[in-house]
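Observations on the model geometry
Each chain, written out:
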Amino acid sequence: MSLGTTAPIPNQPEATAEATLKQPGRLSMRLADIRRLLTQNPKVLIGVIIVGFFVLVALIGPLLVQKDPTFSYPDKLAAPSAEHWFGTTKLGEDVFTQLIYGTRSSILWGFLTGIFVTVISVVVGLTAGYFGGLVDDIISLIINVFLVLPAFPLAVLIAAYIPFKGSITVTIVIALTSWAWGARVLRGQTLSMRKRDFIEAARSSGESSFHIIFWEILPNQLAIIAANIIGTVVYVILAEAGLEFLGLGDTTTVSWGTMFYWAQNNDALLLGAWWWFLPPGVCIALLGAGLSLINFGIDEYADPRLRRERIPKAILRKLRMLQKGQ
Amino acid sequence: MRQLLRRLFFYLLAFWASLTLNFFIPRLAPGNPAGAMLARFQGRLPPEAVNALLLQFGVTNEPLWMQYIHYLNSLLHGDLGLSITYYPTPVSAMLAQELPWTIALVGTSVLISFAVGTLIGIIIAWKRGSWLDTILPPIMNFLAAIPYFWLALLTLYILAYTMNWFPISGGYSLGMLPEFSFDFISDAISHGILPALTIVVSSVSGWMLGMRNAMITTLSEDYVLMAQAKGLTPRRVMVAYAARNAILPNLTGFALSLGSVVGGALLTEMVFSYPGIGFALLQAVHNSDYPLLQAIFLLITLTVLVANLLVDLIYLVLDPRTRQG
């Protein structure tokens, strides 16, 4: 299967890309690998099930609940019951319904922002790593400055100054303050890749820098980029909830973060209304854990040293028999 | 030495960047924060305060570069402006009042968390595949994914509201005066335990997982094998050979989190109504107290930068490879 160091055919970029993918290079990711990740790594499987569940809820959940999330029932601040599974808020809104709608908005914006941040990281990191020299020096300096600037306080500062509150504001603020981590990782990877044979070949065959960066280097970093997207989504969902909890989001929409905001502002805690602030937290924690589990699997895939060797069952049985025999 | 100077130059540059960001964010923001604020304080602000405010938000006829120089100049003299919420208290005085609380609470928690997490990380990497190593990482993962403030709300609800074991809010009891007496200090500590606990619980996993992964990488190095082959005690191999080399990335993380000592406690301080920088930041956000907001951001940045510089220095001592640069 391995083509080894077969020189890529000039002027046939598709063939070049194909060859790089088939090289034993450890960072490329193929469909078969994804399947193997799923079936052989229980962590990834559990993670995918959890995330899949939330995505499903986000997609079809709102279609299954009858009332609007802001519909006000007559029983205010009711404890969980058969009628209101997760109780009601001080205004009589059904917490379960809010949670379902909140899932949609939090997941949608979490993933959108995560992808947006990663796109910035990819463009900046790959450009710096590929060109090297002065371009790299300047971009690296900017990356490092953004790395040391405290992200969340900066996000709060910017969000406080932007007069229109809303999901887009939160997205922009988080993107501005959190692209640097991914950019640094990707820059390092690209730097180590730019002198490889297939890149040299593409360069000498006259491919444009743009083409080399996005068609030759990018496919070889899919595992890292995927891990980066997932890691960023975890951060983004937490940061969004944090900003919204502070009242810096759009408090009229229903999301996990704004549910916290209203619960906190109405002293849910002092009223003993645990059902009000408990569910969104469980959701965020579960989703975050699910995403982290998937990332664990990708990490183990990209760095075999983190992987525990799997001993085939037959050999294991023999070993046990040997031990018993002695 | 040259390396050190380069780092120093970098941190100065980063600080300048944050100063500049701080200068431009209010000026680039659409709308007019000064106008909104003046409307809020209609007639209650003396004319010189209005003037100072307008200056602060760049509502002057001066060209931008002049404003910029004025801004840098006043910062150089430690003049951070006057708080809007607590007019006319200088922002710097407010910060001086809040800072000790934050440093005591978060500094202690971060230290505990770092020490405990790193230690557990070393042990579970050493006993790879044991039941501890199988159970702890997933649990820690879950803990790490829990939103900080939610964990805080939950512990507050269970341990303070339902069980009544801890005070429900504040840094000390009402009616007490901050002073150096046994009564006050023990009161302050009993108020601090719960917030500190939540910070430790939610951050310990990062240290643990980071240390574990670094340890595993180090354990596969030849010199560790060599040490084992020489017949050194497992304890010696674990601590002096593996852990000592694996701890470097965690130390970097420690520096970064020391920087976030000031900013990271924002949500915790809010939930526990604990006095400190985070709580002040929250009030600044809610009251549109922009001078306070900006000063806090600068303070947080400064701590982060100083912490980073310190770690660079520690690195020079610990890791001889960095000295050659």
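Residues numbered from 1 in each chain as written. Chains lettered and ligands numbered in written order. Predicted model: local features only at pLDDT ≥ 70, side-chain atom pairs only at ≥ 80, totals over all residues.

**Overview of the packing of helix α3 (residues 42-64) of chain A against helix α4 (residues 95-131) of chain A**
All names here are of chain A. Relative orientation of the contacting elements α3 and α4 amounts to 120 degrees, with a least axis distance of 8 Å. One way to sum up the angle between α3 and α4 is to call them oblique. For the pair α3 and α4, the sense of crossing is left-handed. Here α3 contributes Phe54, Val55, Val57, Ala58, Gly61 and Pro62 to the contact with α4, which in turn contributes Ile100, Tyr101, Thr103, Arg104, Ile107 and Leu108. Considered class by class, the residues forming the contact of α3 with α4 number nine nonpolar, two polar and one charged. (Axes fitted to C-alpha atoms, helices over the stretch in contact; angles between N-to-C directions. Helix = DSSP H or I, 4+ residues; strand = E, 2+ residues; numbered from the N terminus. Parallel < 35°, antiparallel > 145°, perpendicular 65-115°, else oblique. Left-handed = near helix turned anticlockwise from the far one by under 90°. Contact = placed C-beta atoms within 7 Å. Nonpolar A, V, L, I, M, F, W, Y, C, P; charged D, E, K, R; others polar.)

**So, the interface of chain A and chain B**
Taken together, the contact pairs 36 residues of chain A with 44 residues of chain B. When contributions to the side of chain A that touches chain B are tallied by element, the ones reaching two or more residues are α5 (133-148), α6 (151-161), α11 (222-245) and α13 (274-302) of chain A. Considering each element in turn, the side of chain A that touches chain B owes the most residues, nine residues, to α13 of chain A. In terms of residue class, the side of chain A that touches chain B is built from 28 nonpolar, six polar and two charged.

**Here we look at helix α8 (residues 180-193) of chain A**
Residue and element names in this part refer to chain A. In this model α8 runs 20 Å from its N-terminal to its C-terminal C-alpha over 14 residues, within 8% of the 20 Å that 1.5 Å per residue would give. Buried within α8 we find Ala180, Gly182, Ala183, Arg184, Leu186, Arg187, Gln189, Thr190 and Met193. Close packing links the buried residues of α8 with α4, α5, α9 (197-204), α10 (209-217) and α11. (Expected span 1.5 Å × (residues − 1). Buried ≥ 20, exposed ≤ 12 C-beta atoms within 10 Å, placed from the backbone.)

**Quick notes on the UniProt feature "transmembrane region" (unreviewed entry) in chain A**
Mapped onto this numbering, the UniProt entry annotates "transmembrane region" (unreviewed entry) at residues 44-65, 107-131, 138-162, 168-186, 213-238 and 274-298 of chain A. Helix makes up 100% of residues 107-131 of chain A and strand 0%, with an end-to-end C-alpha separation of 36 Å. (UniProt positions renumbered as here; feature names shortened; annotations may be inferred.)

**Focus on the UniProt feature "domain: ABC transmembrane type-1" (unreviewed entry) in chain A**
UniProt tags residues 107-295 of chain A as "domain: ABC transmembrane type-1" (unreviewed entry). Annotated as residues 107-295 of chain A, this span is 80% helix and 0% strand, and its ends, taken at the C-alpha atoms, are 17 Å apart.

**What to know about the UniProt feature "transmembrane region" (unreviewed entry) in chain B**
Residues and elements named next belong to chain B. Mapped onto the present numbering, the UniProt feature "transmembrane region" (unreviewed entry) falls on residues 101-126, 147-168, 188-209, 251-272 and 292-318. Secondary structure within residues 188-209 divides into 100% helix and 0% strand; the distance between the first and last C-alpha atoms comes to 32 Å. Within the segment residues 292-318, helix and strand shares are 100% and 0% respectively, and the terminal C-alpha atoms sit 39 Å apart.

**A look at the nonpolar core**
Judged by nonpolar contacts, the single largest core of 162 residues is most densely connected at Ala155 and Val156 of chain A together with Met215, Leu281, Leu293 and Ile296 of chain B. Looking at which element gives the most residues to this core, the answer is α11 of chain A, with 16 residues. Contact partners of Leu281 of chain B, with chain neighbours within four places excluded, come to Val156 of chain A together with Leu266, Leu293 and Ile296 of chain B. (Core = buried A, V, L, I, M, F, W, Y, C linked by C-beta atoms within 7 Å.)

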